[in-house]
Structures are given as structure tokens and as C-alpha cells.
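# Examining the three-dimensional arrangement
Here is what each chain is made of, one letter per residue.
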Amino acid sequence: MSKKLFRGVCTAMVTPFRLDFINYRVFDQLLDYQIRHHVAGVVVCGTTGESATLTDGEKLALIEHTVDYVDGRCLVIAGTGSNCTAHAVALSQEAETLGADVLLVVSPYYNKATASGLVAHYTAIADAVSVPVIVYNVPSRTGLDIPVSVYKELSQHPNICGVKEASGSISKIARIRRECGNGFSIWSGNDDMAVPTVALGGDGVISVLSNLCPGETVEMMQAALGGDYRKAGKMQCQLMPLIDLLFCEVNPIPIKAALKQAGFDVGACRLPLTQLSPEHARVLEKLIL
């Protein structure tokens, strides 16, 4: 049975702040901007949304607000990962109760885990909910690269539908596709690998870039998924200077600066993340304006 959720673009949303509170007025503007450009879904409380500095109360309130505001117009994917399995299970169950369509669960960070520990962690979460679960592999953040053998085992679970793969390895994408079969979705977690991932049988991208350029990102993925790799590849290359700038400092520092330059009052990042450096801000301004 196919477990496909979506093909195309899901935007990893920033969390706008005013003073030290979530700015829901601006967040709704960002949601409208995404929906107008026909993204398949939005991720809330992910890396780009500064999940590490959101309290559980803020996360659940943001998930509930997003579900209510989106009202079925696109998928709502809730980041509910933790390096404590019991905590991840509790957050996942709460997010399901609040109406999240899908859960995005990052691999355990800091304490890490063996292959058997990873399987046990994800199985415990997937067994505890009825909504689909996406595995999130981002070794640059977690210090752990999930092995393909773990994906192969997890792909047999009826509630685990795929992976957001942000290892940066195109050969790993090929190995995942070969070992896990077509029913297990692969979404690029790196904007610079979106088109190559689709070329290897991936289903799209969970994107930072699309916060700023949802239309172009959707068009690029539509071309790739439709087999027009000449157009998709050209767009990927054209967007590379902007993609590089959006990762010139740790995400989401640059994308928040870019959104502010584009007219969205998203506020600053929470400490320990700081403002974009003046030299990078000048380059970004020239590229956007």
C-alpha cells in the first residue's frame, strides 16, 4: 500500500516574534503567502521555526492556531521531535489531538542512539499516534546520521511514510530509494539538492527557500516532478546564489533577515541565535532588491 502524503513543496515556516511572544498576525500573513502560491504543506515548530527555543506550550498553541487558520487548505506538519522518547510521544499525541495532519520527528540529538535505539524510538512514536510520521535526518544538527538500514526497517511500519533527508549526500538518496521502495517517500531537506533528489525518485522538498520564494520553488518542483529536468535544473542553478546566502549563517538567521527585507515583520531570532552580520545583510539586500 502506498503511503504517499504529498509531492512538491512543503515550507518549513519561520516563527515570527514580537518582543518575546509569537506574532500571530505576521504568522498569518506568512501562511496566506504560502497558500496563495499553492504549497502542499507547511511545517510548524521545526528547525526553521526555532523549535529549540519554543516552550511546549508555545509549540502546542502554534500548532493549534495553524490548524485552525489553514482550515484544510494545505497540510499542517507539526515538529514534535525530542531526544527523550517519552517527551516526543507526548508532544506527538498532543499535536494529533490538536489536528495536525502529519508529524515531523527529528532524530534524537546529543545523547544520540544506536541503530536499534533509533528503530525503537521511532516505532514508539509511530505506535502512539494514528497520523503519519516523517523521519527527519539532519546530522549537522543532531550529530547522528541515520543509517539506510534503519530507514529500511522503519519503512515497514504502516504509520511511517518517509524521510526528510538533510544529510547532504546525493548517493544516500539513491541508496534510500533502492532499499526502501517507492512507497517510502523521500523529501529533500536541503534546497540545493531539491531537483537532484526528485531525479532519484524523491517526492519534493521541505524547504527554507520557499518562505521567501514559494512561487518559484513550487514551479521548480512541478517541473522536476513532471519530468522537465531541463527547466527544473535551470531554475535550481538560477536560485543557487540565493540558496547559498540563505545558509551563509545558521538557519533561520538569514531567512528571517530576508523576510524582513521583503516586508514581513518577523522580528529577531531568539538567543542564542543573533542578527545576520552587516556584511551578509548587505549582500542579501542587493540580491533581493
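Note: the structure precedes this text.
Attention here is on the structure that accompanies the text. On a predicted model such as this, the values are computed, not experimentally measured, just so you know.

The next point concerns the overall build of the protein chain. The helix and strand tally for the protein chain stands at twelve helices and ten strands. Across its three principal axes, the protein chain shows a C-alpha extent of roughly 45 × 45 × 35 Å. Within the span of the protein chain, comprising 289 residues, buried residues form 54% of the whole. Carbon and sulfur atoms provide 54% of the accessible area of the protein chain, an area that totals close to 12000 Å². In the protein chain, 24 positive and 28 negative side-chain charges are present, and the distance between their average locations comes to 6 Å.

Next up on the list: the packing of aromatic side chains. Within the structure shown, the criterion is met by three aromatic pairs. Relative to Trp187, the ring of Phe6 lies with its centre 4.7 Å away and its plane at 15°, an arrangement referred to as stacked. Pair noted here: Phe6 is in the segment before strand E1 (8-12) and Trp187 is in strand E9 (residues 185-188), with a separation of 181 residues, a long-range link. The class of Trp187 is buried, set by a relative accessible area of 0%. Considering the side-chain rings of Tyr151 and Phe184, the 6.3 Å spacing of their centres and the 35° angle between planes classify their relative orientation as tilted. Residue Tyr151 is found in helix H6 (residues 148-154), and its partner Phe184 is found in the loop between helix H7 (170-180) and E9; the two are separated by 33 residues along the sequence. Phe184 matches Tyr151 in its accessibility class, with the two residues each being buried.

Here Ala232 is to be found in helix H10 (residues 229-246). Overall, the relative accessible area of 0% leaves Ala232 in the buried class. Separated by 69 residues in sequence, Ala232 and Val163 place their C-alpha atoms 22 Å apart. Residues contacting Ala232, with those up to four places away along its chain left out, are Val195, Met220, Ala223 and Ala224.

It is worth spelling out the nonpolar core at this point. In terms of nonpolar packing, the biggest core is built from 82 residues, with Leu103 and Met221 touching the most fellow members. If you tally residues by element for this core, the top one is H10, at seven residues. Residue contacts for Leu103: discarding those within four places in its chain leaves Ile77, Ala78, Thr80, Ser92, Ala95, Val129, Val131, Pro132, Val133 and Ile134. With 15 residues, the next largest nonpolar core counts Val43, Val102, Tyr136 and Trp187 among its residues.

Strand order in this closed barrel of eight strands is E1-E4-E5-E6-E7-E8-E9-E10, and the pairing throughout is parallel. Across this sheet, the average inter-strand angle for adjacent strands is 25°, counted without regard to direction. Here strand E8 (residues 160-165) pairs with E9 via four bridges, running parallel. Residue pairing for E9: Gly162 is matched across the bridge by Ser185.

Among the secondary structure elements, Ser210 is positioned in the loop between strand E10 (204-207) and helix H9 (214-225). Linking Ser210 and Cys10, residues 200 residues apart in sequence, is a C-alpha distance of 8.0 Å. In contact with Ser210, not counting residues within four places along its chain, are Val9, Cys10, Thr11, Gln34 and Thr217.

Criteria and cut-off values
- Residues numbered from 1 in each chain as written.
- Predicted model: local features only at pLDDT ≥ 70, side-chain atom pairs only at ≥ 80, totals over all residues.
- Heavy atoms only, no water.
- Helix = DSSP H or I, 4+ residues; strand = E, 2+ residues; numbered from the N terminus.
- Buried < 20%, exposed > 50% of the residue type's maximum accessible area, 1.4 Å probe, protein only.
- Areas by Shrake-Rupley, 256 points an atom, 1.4 Å probe, with all protein chains shown as cover.
- Lys, Arg positive; Asp, Glu negative; His and termini not counted.
- Charge placed at Lys NZ, Arg CZ, Asp CG, Glu CD.
- Phe/Tyr/Trp six-rings, centres within 6.5 Å; stacked < 30°, edge-to-face > 60°.
- Contact = heavy atoms within 4.5 Å.
- Core = buried A, V, L, I, M, F, W, Y, C linked by side-chain atoms within 4.5 Å.
- Pairing = 2+ DSSP bridges.
- Axes fitted to C-alpha atoms, helices over the stretch in contact; angles between N-to-C directions.

What is shown is where atoms sit, not what they do.
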